[in-house]
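Observations on the model geometry
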Amino acid sequence: MAKDGREARYRGDPASANPYPEGTEDHAVWQRAWETPDGEAAERDAPDGRA
């Protein structure tokens, strides 16, 4: 879920693209990952290979 949220942000998807039902833990995890990529780890894992 977190990886999906980060990848959505890198693609430029809006936060409203969250595929998980609002109010669920999955939704919250995806949203946190979309809002706050986790620094170097997020850059390393970016689909476009940014380092």
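Here goes a summary of the coordinates provided.

Cut-off values and rules
- Residues numbered from 1 in each chain as written.
- Predicted model: local features only at pLDDT ≥ 70, side-chain atom pairs only at ≥ 80, totals over all residues.
- Heavy atoms only, no water.
- Buried < 20%, exposed > 50% of the residue type's maximum accessible area, 1.4 Å probe, protein only.
- Helix = DSSP H or I, 4+ residues; strand = E, 2+ residues; numbered from the N terminus.
- Arc of directions from axis to C-beta.
- Axes fitted to C-alpha atoms, helices over the stretch in contact; angles between N-to-C directions.
- Parallel < 35°, antiparallel > 145°, perpendicular 65-115°, else oblique.
- Left-handed = near helix turned anticlockwise from the far one by under 90°.
- Contact = heavy atoms within 4.5 Å.
- Nonpolar A, V, L, I, M, F, W, Y, C, P; charged D, E, K, R; others polar.

Moving on: helix α1 (residues 2-11). For α1, the complete set of buried residues consists of G5, R6 and A8. The buried residues of α1 occupy one face: seen down the axis, they fall within an arc of 160°. Looking at the residues trailing α1, positive phi occurs at G12, about 95°.

By the secondary structure assignment, T36 is in the loop between α2 (25-35) and α3 (39-44). For T36, a relative accessible area of 57% translates into the label exposed. A sequence separation of 27 residues divides T36 from R9, and the C-alpha atoms of the two residues are 9.5 Å apart.

For the rest of this paragraph, the subject is the packing of α1 against α2. Running from amino to carboxyl end, α1 crosses α2 at an angle of 40°, the nearest separation of the two axes being 7 Å. Taken together, the axis directions place α1 and α2 in an arrangement best described as oblique. For α1 against α2, the interelement crossing comes out right-handed. Contacts between α1 and α2 involve A2, D4, G5, R6, A8 and R9 from the former and V29, W30, A33, W34 and E35 from the latter. Looking at side-chain class alone, the contact of α1 with α2 contains 6 nonpolar, 1 polar and 4 charged residues.

Looking at α2, one finds that the buried residues are H27, W30, Q31, A33 and W34. Down the axis of α2, the buried side of the element spans an arc of 165°, and every buried residue falls inside it. Contacts made by the buried residues of α2 are with α1.

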